[in-house]
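# Coordinate inspection notes
Each chain is listed here by its residues.
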Amino acid sequence: MINNQLEWRALQPDTDSVQSLFSSLPDDCDFSAVQPRLFSTLSLLLNSQAKLPLMLVKMPEHTAYQSMLQAVISGFDDESATLYGGHYHIEGATVSWRPATSTQDNFASTGGVQSADWIEAEQLFGCFRQYNNTLTLEPGLVHKANGGTLLLSLRTLLAQPLLWLRLKQILTTGQFSWHSPDESRPLPIAVPSMPMHFRLILTGERDALADFQEMEPELASLAFYTEFEENIQIVDEDAFSLWIKWARLVAADAELLIADDLWPVLMREAVRYTGDQETLPLCPLWLTRQFQEAAANSDENLITGEHLQDALENREWRESFLAERVRDEILLDQILIETEGEAIGQINALSVIEFPGHPRAFGEPSRISCVVHVGDGEFNDVERKAELGGNIHAKGMMIMQAWLIAELELDQQLPFSASVVFEQSYSEVDGDSASLAELCALISALAGQPIIQQIAVTGSVDQFGRVQPVGGLNEKIEGFFHVCAHRTLTGSQGVIIPAANVRHLCLQQEVVDAVREGKFHIWAVDSVQEALPLLTKVEWEKEDAPCLLRSIQERIAQINQQEGRQRPWPLRWLNWFNQS
């Protein structure tokens, strides 16, 4: 039998191998190295003479990102004091315009970068005021950005489409014209238009970019496009060094210093956030939150690993009320989850619970049961028939059925019908992460072979029986572990996971300690055939020895023989009734 059991070292990212980098790196950080695509596209926009100087950036619409991008763009500007715009001279009821000759001119600009998270018409386009026969003109962001760059949130333009239409006209014509704030009334006097040219950068999330693309397909196709990369792939020491430098820069912006022993704690939390041991977050908001909460436990601006660990444990405690109540329901036997013994056609699957408005997802074991009986080969997905199962869950059920029928190599229809259900589920079930558990329960019921209840299972399967990765792995394992720990760890309990998910592991320290001490186990499998012996202690297929496949085939043969003998009986009874 293949040894699929994971060592405790695989359950968290390896921080020992990079320990020497924590204190040996300089503090400088090159933005172009951390965000090469964004930096390159900015350089292309700012140095090109594109007819449509428009750029779309996929990134969170938050002032922290706006400020960061504004600082990067400012670094491109040269020191030349080129004048743009001009001066409006108002004399009585006459307004004239001339090109700027001095920075003191009321509508002069030296380029630069202007940004806003939310804008109104007067803030963006300036305003025309008339009070007691006195006229005044005030510049807006477009005037201040003339010759430079205007950085705006896409969300505010989508919410105010009239602003976008006017901004689009300025961008495409290169002219700014004054309009009355009251659309039903024209301006009382004529105000000359002025030449205007600036680069426009719109930032937004992917759904906002999709809406813009639908609204302006031609402009979207001509615009420069790039993304702020939220994560960095740790492929070598250089990439890891970049992440350390970037995190230090974020901490410096918050006026905090990082002690060397903070990095392992931050790395583990970062892996839980990204869900991948080889991926670390670049999000400045997330990093700032970790540093600030750690700083709340420090009396100075130096934060240590102990400060961050205390902050993380306190946050988990604050956000664990719902998880604890669900766990109490299991421990009080209101939700039936077996963690000892054996049962035919019953298995512990693992689910992730996400409540709307709750900040933290948590794992919960679920009981899946399967019963089989003589029938026409129909597999009943009770969740689907009760309209509690989603489309992805139904797809996973059909895939596992296809694998089983192909493995049995039947020349005729399967003489069994089966019913598979999530016990005590009262809301919609979706996703295919339970298809491995459902398949194992089905095989157990068909073969009459009990499943060990000390083990829980997660993973999806394909039509060839290969086990595929799933999401929420850490939460799922911890949810089952806590139930077992409250009932006393026996040393036989554990979880089966897809082998492809090993890189996503970053478990709580108490789980790692239990695995190291042999009180809890985690097995990683590549196929259904590897999972079944762990659950049933019997191989799926083995020559010249008892196996699950042979048990199912023998049961099918017995049913076929019984049906063959019983087939004449209905006709015999029918003749008896006719003679009567």
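The structure reproduced in this document is the subject of the present report. In this text, all values refer to a predicted model and were calculated from it rather than measured experimentally.

Definitions and cut-offs
Residues numbered from 1 in each chain as written. Predicted model: local features only at pLDDT ≥ 70, side-chain atom pairs only at ≥ 80, totals over all residues. Heavy atoms only, no water. Helix = DSSP H or I, 4+ residues; strand = E, 2+ residues; numbered from the N terminus. Rg over C-alpha atoms; globule rule 2.2 N^0.38 Å. Buried < 20%, exposed > 50% of the residue type's maximum accessible area, 1.4 Å probe, protein only. Phe/Tyr/Trp six-rings, centres within 6.5 Å; stacked < 30°, edge-to-face > 60°. Lys NZ or Arg CZ within 6 Å of the ring centre and 35° of its normal. Arc of directions from axis to C-beta. Contact = heavy atoms within 4.5 Å. Patch = residues over 30% accessible without salt bridge, like charges linked within 9 Å, V, L, I, M, F, W, Y side chains within 5 Å. Areas by Shrake-Rupley, 256 points an atom, 1.4 Å probe, with all protein chains shown as cover. Salt bridge = Lys/Arg side-chain N within 4 Å of Asp/Glu carboxyl O. Lys, Arg positive; Asp, Glu negative; His and termini not counted. Charge placed at Lys NZ, Arg CZ, Asp CG, Glu CD. Pairing = 2+ DSSP bridges. Axes fitted to C-alpha atoms, helices over the stretch in contact; angles between N-to-C directions. Expected span 1.5 Å × (residues − 1). 1 Å grid on protein atoms, 1.4 Å probe; cavity = no way out; pocket = protein on both sides within 12 Å on 5 of 7 lines; lining within 4 Å. Points joined across faces, edges and corners; volume = space filled by probe spheres on them. Nonpolar A, V, L, I, M, F, W, Y, C, P; charged D, E, K, R; others polar. Polar contact = N/O pair within 3.5 Å; in protein donor to acceptor, adjacent residues only side chain to side chain.

## Some words on the overall build of the chain
In terms of regular secondary structure, the chain is built from 23 helices and 27 strands. The C-alpha radius of gyration of the chain comes to 33 Å, more than 25% above the 25 Å expected for a compact globule of 580 residues. Taking the principal axes of its C-alpha atoms as reference, the chain extends roughly 115 × 70 × 40 Å. In the chain, buried positions account for 49% of the 580 residues.

## Quick notes on the packing of aromatic side chains
This model, assessed by the stated rule, comprises 15 aromatic pairs. Of the aromatic side chains, those joined through ring pairs into one cluster are Y88, F107, F176 and W178. Seen from the ring of W8, R516 lies directly overhead, with NZ or CZ sitting 4.5 Å from the centre.

## Examining helix 15 (residues 321–331)
Among all positions of helix 15, only A323, V326, R327 and I330 are buried. The buried residues of helix 15 occupy an angular sector of 100° when the element is viewed end-on, so they sit on one face. If you follow the buried residues of helix 15, they end up packed against strand 19 (362–374) and helix 19 (473–487). Positive backbone phi, approximately 60°, marks D333, located one or two places after helix 15.

## Some remarks on a negative patch on the surface
A surface patch of like charges, here negative, comprises D260, D261, E306, D310, E313, E316 and E510. Top element by residues in the negative patch is helix 14 (residues 305–318). It accounts for 4 residues. Along the polypeptide, D260 turns up in the loop between strand 14 (257–258) and helix 12 (262–274). Overall, D260 belongs to the partly exposed group, its relative accessible area being 36%.

## Some words on the sheet that holds strand 4 (residues 107–109)
Ordered by their spatial adjacency, 3 strands build an open sheet running 3-2-4, and the pairing between neighbours is antiparallel. What marks the edges here is a single partner per strand, and that holds for strand 3 (94–99) and strand 4. On average, each strand axis in the sheet is tilted by 20° relative to the strand beside it, whichever way the strands run. Bridging between strand 2 (residues 84–91) and strand 4 involves 3 bridges; their strand directions are antiparallel. If you follow G85 over to strand 4, its bridge partner there is A108.

## Details of helix 8 (residues 161–173)
Taking 1.5 Å as the rise per residue, helix 8 with 13 residues should run 18 Å; its terminal C-alpha atoms sit 18 Å apart, in good agreement. G174 occupies a position one or two residues after helix 8 and carries a positive phi of about 75°.

## Section: the environment of W286
Along the chain, W286 turns up in helix 13 (residues 284–295). Accessibility expressed as a relative area gives 10% for W286, which makes it buried. In this structure, the C-alpha to C-alpha distance between W286 and Y273, residues 13 residues apart in sequence, is 9.1 Å.

## Remarks on the layout of surface pockets
Volume-wise, the largest pocket comes out at about 1100 Å³. For the largest pocket, the lining is made up of 39 residues, of which R272, E316, R360, E478 and Q508 are closest to its centre. Secondary structure elements with two or more residues in the lining of the largest pocket: helix 12, helix 13, helix 14, helix 15, strand 19, helix 19 and helix 20 (509–516). With 6 residues, helix 14 is the single largest residue contributor to the lining of the largest pocket. Class assignment for the residues of the lining of the largest pocket results in 15 nonpolar, 9 polar and 15 charged.

## Topic: the environment of Y225
Looking at where Y225 falls in the secondary structure, it is placed in strand 12 (residues 224–227). Separated by 88 residues in sequence, Y225 and L137 have C-alpha atoms that sit 35 Å apart. Setting aside anything within four residues of it in sequence, one finds Y225 in contact with T41, L56, K58, R206 and L209. A polar atom in the side chain of Y225 sits 3.3 Å from the side chain of R206.

The values reported here are purely geometric and, on their own, carry no functional implication.
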